[in-house]
Each structure stands twice: as structure tokens, then as C-alpha cells.
Amino acid sequence: MKARVLALVVLAAAVTLTSVAAAEPDAAKQRVVITSQGSHPTQTPPFVLTPLQAGGLKRDSGTQTAGSPSVRTAMRAGQRVEIYDTVGTLKGKRGNLVIQYRTEYVDGGNGYHVGTGTWKVVRGTGQYAGITGGGRSGAVYLDTGPWSSRAEGVLTLP
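On a predicted model such as this, the values are computed, not experimentally measured, just so you know. (Residues numbered from 1 in each chain as written. Predicted model: local features only at pLDDT ≥ 70, side-chain atom pairs only at ≥ 80, totals over all residues. Heavy atoms only, no water.)

Overview of the pattern of salt bridges
Working step 1: On inspection of all chains with the given rule, the structure shows 7 salt bridges.
Working step 2: E82 is paired through a salt bridge with R80; the nearest N and O atoms lie 3.1 Å apart.
Working step 3: Accessibility expressed as a relative area gives 21% for E82, which makes it partly exposed.
Working step 4: Overall, R80 belongs to the partly exposed group, its relative accessible area being 49%.
Working step 5: Between R102 and E104 there is a salt bridge, with the nearest N and O atoms lying 2.7 Å from each other.
Working step 6: Overall, R102 belongs to the partly exposed group, its relative accessible area being 29%. (Salt bridge = Lys/Arg side-chain N within 4 Å of Asp/Glu carboxyl O. Buried < 20%, exposed > 50% of the residue type's maximum accessible area, 1.4 Å probe, protein only.)

Below is the structure:
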């Protein structure tokens, strides 16, 4: 009886070790922040991508372009919300990163607008090739000019 139990335990351990050895290693994940700012007439505002932890991605900077956003309006608890869906391209020194943004803006009064949203990677080149992921974002802008945005999230490297 003891021999059967011992054989069963050894078999279970062997199957477990084989399964662990055959499993693919986890893809590397890295927290990042992307900041950008500009003024309304600026067609190619600057961006900076900064890793928030060690990993395969390195700090990068360059310019950002965006297509015309799809805009719709909703009412939430009596407040007007403008929902912007757009795709932007970060053209950096280390590669290009195409990102899909969804931002919901509310009127902050006195010409200010405040937005929160989500973002996700569509595709990339250079150091961004094969990367997936996304996160949350915050943005502000004035009717008369400047704007600023910050996107934080986790990217999964191939």
C-alpha cells in the first residue's frame, strides 16, 4: 500500500515538474507613463514616454500626431459629457507607437475642460514592435489654447 502511495506521489510530482518546465515564460510587463502637451494650433505636439519600472523599454521622446476624433455627447446625472475616440501616433527616436484613445470630457467652467479615459496599443515599430497593453489617462485643455495629457499603464513586451 505504501509503495502505491509513494508511486502515485512520485508520478504526480513528475507531471507537475514536466508541466512547469513546458510552460512558456511569462511575458515581461512594464509600467509606463506618456506625457504630452501643446496648444490647439500645434499639429505635432511633443511627447515623452517614461518607464516607471525597470524593463525592456527605454525612455523615448518625439512628436505625436492624431487623426480626427469621433465625438459624441452623452448626459450623465444631468451633466454633459463629450466622448472623444481617436487614434494617435507617437513618433519617437526608438520607434513608432500607435495608440487608440477614448477620453470623456466635462466642462470645468471658465473655459477649462477635464477628461479621463482609457488607451490601448494598436501596433508599434522599433522598441515597440509586438507590444500590447494600455491603461488610464487624464487630460485638461482650455478653450483658448494649451492642453496637457498623461497616460499611465502597463505594456507587455514580446
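Quick look at the packing of aromatic side chains
Working step 1: Applying the stated criterion across every chain yields a total of 2 aromatic pairs.
Working step 2: Ring centres of Y84 and Y105 lie 5.2 Å apart, and the angle between their planes is 80°; this geometry places the pair in the edge-to-face category. One end of the pair, Y84, is in strand β5 (residues 79-92); the other, Y105, is in strand β6 (residues 95-109), with 21 residues separating them in the sequence.
Working step 3: With a relative accessible area of 22%, Y84 lands in the partly exposed category.
Working step 4: Each ring, one from Y105 and one from Y141, has its centre 5.2 Å from the other, and the planes form 75°; the classification is edge-to-face. Here Y105, found in strand β6, pairs with Y141, found in strand β8 (residues 132-142); they are 36 residues apart in sequence, far enough to count as distant.
Working step 5: Clustering of aromatic rings is evident, with ring pairs tying together Y84, Y105 and Y141. (Phe/Tyr/Trp six-rings, centres within 6.5 Å; stacked < 30°, edge-to-face > 60°. Helix = DSSP H or I, 4+ residues; strand = E, 2+ residues; numbered from the N terminus.)

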